[in-house]
Amino acid sequence: MASLDMDGPYALTVKEITRKIKVAGPGNFALGRMTRDKKFIVRFVGRDDADIRQALIDSLGRESKRGLLGRFLGGEADNDCFKFSYAQDASAAFEKHCRTYHAFNSNNKLANERHPKAPKGSNLKCPVCGES
C-alpha cells in the first residue's frame, strides 16, 4: 500500500494549518477527507517550493468554491483534512510530489489536473516517469 510519509491528518482550517506548520518553507501536502472509520482518503497531492503553510491556506479558497457546487450536483464531501511534510529544498519537494502523484493517482483518482511541474529554472525530470 502506498504511503504519504507525512504528518497528520489535521483539520483543513487556517487555525489548524498555522498551529501545525510553524515554519514557512518548501514542502508537500495531501488534501483529503476522513471516512467514518477514520481512514484518510487522499484526493489531491501538492507542494510549494517556498511556503507550504501559505499554499495550504490558499487551498482553502479553492476548496470552498468547489464545495457548494459539488454537493449540489451530488458529489462527495469536500476535503476536510490535510497531511504535510517539510522538504529540504524545492528539488526534494518536486521529487516527493511526483512519487505521491504516481502512487495515489491510479485510475485518475486524484483531483490533480496534471502531472507535477518541475521548479522554475530547473531541468529536473520526474523520478517515476521521466516527464520534465
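All of these numbers come straight from a predicted model, not from anything done at the bench.

Asks: What is the right way to look at the confidence of the model for the protein chain in this model?
Replies: Per-residue confidence for the protein chain gives a mean pLDDT of 88; residues scoring 70 or more make up 87%. Ignoring residues within four places in sequence, the model shows residues 67–76, a span with pLDDT below 50, making five contacts including any to other chains.

Asks: Got a minute to help me understand the nonpolar core in this structure?
Replies: Across soluble globular proteins, nonpolar side chains have a tendency to be buried as a group. In terms of nonpolar packing, the biggest core is built from twelve residues, these being Tyr10, Leu12, Ile17, Ile21, Phe29, Leu31, Ile52, Ala55, Leu56, Leu60, Phe82 and Phe84. Within the residue set of this core, elements represented by two or more residues are strand 2 (27–34), helix 2 (52–72) and strand 4 (81–86). In this structure Leu56 touches Leu12, Ile17, Ile21, Phe29, Leu31, Phe82 and Phe84, once residues within four positions along its chain are discounted. Formed by ten residues, the second largest nonpolar core is a distinct cluster that contains Met6, Val45, Cys81 and Phe104.

Asks: So what exactly am I meant to see when it comes to the packing of aromatic side chains here?
Replies: For any pair of aromatic rings, geometry is given as the distance between the ring centres together with the angle between the planes. Counted by the stated rule, this structure contains five aromatic pairs. A ring pair is formed by Phe82 and Phe84, whose centres lie 6.3 Å apart and whose planes are at 35 degrees; its orientation type is tilted. The same class applies to Phe82 and to Phe84, which are both buried.

Asks: Explain the sheet that holds strand 3 (residues 40–48) to me, please; I cannot follow it from the model alone.
Replies: Sheet strands line up and pair through hydrogen bonds in the backbone, either parallel or antiparallel. In space, the four strands of this open sheet follow the order 1-4-2-3, with antiparallel pairing throughout. With one partner strand each, in any of the chains shown, strand 1 (7–11) and strand 3 form the two edges of the open sheet. Recorded for the sheet is a direction-independent mean angle of 25 degrees between the axes of neighbouring strands. Pairing analysis gives eight bridges linking strand 2 to strand 3, with the strands arranged antiparallel.

Asks: I would appreciate a short explanation of the environment of Ser122 in the present structure.
Replies: Structurally, Ser122 is set in the segment after helix 3 (90–104). Once the C-alpha coordinates of Ser122 and Ala90 are considered, the two residues, 32 residues apart in sequence, prove to be 9.6 Å apart. Within the structure, the side chain of Ser122 is placed 2.8 Å from the backbone oxygen of Pro119, a separation counted as a polar contact.

Calculation rules
Residues numbered from 1 in each chain as written. Predicted model: local features only at pLDDT ≥ 70, side-chain atom pairs only at ≥ 80, totals over all residues. Heavy atoms only, no water. pLDDT = per-residue confidence, 0-100. Contact = heavy atoms within 4.5 Å. Core = buried A, V, L, I, M, F, W, Y, C linked by side-chain atoms within 4.5 Å. Buried < 20%, exposed > 50% of the residue type's maximum accessible area, 1.4 Å probe, protein only. Helix = DSSP H or I, 4+ residues; strand = E, 2+ residues; numbered from the N terminus. Phe/Tyr/Trp six-rings, centres within 6.5 Å; stacked < 30°, edge-to-face > 60°. Pairing = 2+ DSSP bridges. Axes fitted to C-alpha atoms, helices over the stretch in contact; angles between N-to-C directions. Polar contact = N/O pair within 3.5 Å; in protein donor to acceptor, adjacent residues only side chain to side chain.

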